[in-house]
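Okay, here's what each chain looks like letter by letter:
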Amino acid sequence: MPAPLTKCQLETPVGDVTLVLDGDTVVVCEFGDREARVARQLEQYYPDRQTMAGICPEPVKRAFADYFAGERDALDRIRTSPVGTEFEKRVWQDLRSIKAGRTDSYGAMAKRLNSSARAVGRANGRNPIGLIHPCHRVIGADGSLTGYAGGLDRKEWLLRHEGAILDLG
């Protein structure tokens, strides 16, 4: 029988974050108010794995603390292993290439991945490792803050925190 997955929570300035780890590798990262989404992901992708409450590994906690303290690339240190189709995995890996302080569009991603913006958007919406695979950095071609599972207020906060949106007011 495979080892159980560990589920833990971290407090952040934009709300609690729920993490599910396989050893020291993050397999799910969602905001704490998205518990139904976490449950669906566990049921769909890990039906044969038990999940136990635990403590987040120190390197993961440190990376999140550093990120919210202003080290914009700190989450890049976290090892991940999302489960999805091969195309979804390509999209999610491409998300990690969008550096903090920058944004990208669905269309530009689609061009890089030889796909359609709609397919990229769909894969983005299924991203099981938000924040670490930074789907919040993907915006509309016109610069609009389009859909984000964590909510547009959080998306805007994260982009401001990373310096991708400047407060010129």
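The structure under discussion appears in the preceding block.
In short, a report on the structure. Computed from a predicted model, the values in this text were never measured in an experiment.

1. Quick word on the state of the cysteines
Here, disulfide denotes a covalent bond that connects the sulfur atoms of two cysteines. In this structure the tally under the stated criterion is one disulfide. The partner cysteine of cysteine 8 in its disulfide is cysteine 56, sulfur to sulfur 1.9 Å. Taking the torsion about the S-S bond as the criterion, the cysteine 8 to cysteine 56 disulfide, at about 100°, is right-handed. Pair noted here: cysteine 8 is in strand β1 (residues 5–10) and cysteine 56 is in the loop between β4 (51–53) and α2 (58–68), with a separation of 48 residues, a long-range link.

2. Section: the nonpolar core
Membership of the largest hydrophobic core comes to 35 residues, with the highest contact counts inside it found for Leu19, Val26, Cys29, Phe64, Ile78, Leu131 and Leu158. When contributions to this core are tallied by element, the ones reaching two or more residues are β1, β2 (17–22), β3 (25–31), α2, α3 (86–95), α4 (106–113) and α5 (117–125). Looking at this core element by element, the count peaks at five residues for α2. By size, the runner-up hydrophobic cluster in this structure holds seven residues, among which are Leu5, Val20, Val27 and Val28.

3. What about unusual backbone geometry?
One non-glycine residue, asparagine 114, lies in the positive phi region at around 55°. Mapped onto the fold, asparagine 114 is located in the loop between α4 and α5. A relative accessible area of 74% places asparagine 114 in the exposed class. The backbone of leucine 131 sits at a positive phi, close to 70°, despite the residue not being glycine. Accessibility expressed as a relative area gives 3% for leucine 131, which makes it buried.

About the criteria used
- Residues numbered from 1 in each chain as written.
- Predicted model: local features only at pLDDT ≥ 70, side-chain atom pairs only at ≥ 80, totals over all residues.
- Heavy atoms only, no water.
- Disulfide = S-S within 2.5 Å.
- Helix = DSSP H or I, 4+ residues; strand = E, 2+ residues; numbered from the N terminus.
- Core = buried A, V, L, I, M, F, W, Y, C linked by side-chain atoms within 4.5 Å.
- Buried < 20%, exposed > 50% of the residue type's maximum accessible area, 1.4 Å probe, protein only.

Read these as layout, nothing more, since geometry by itself doesn't imply function.
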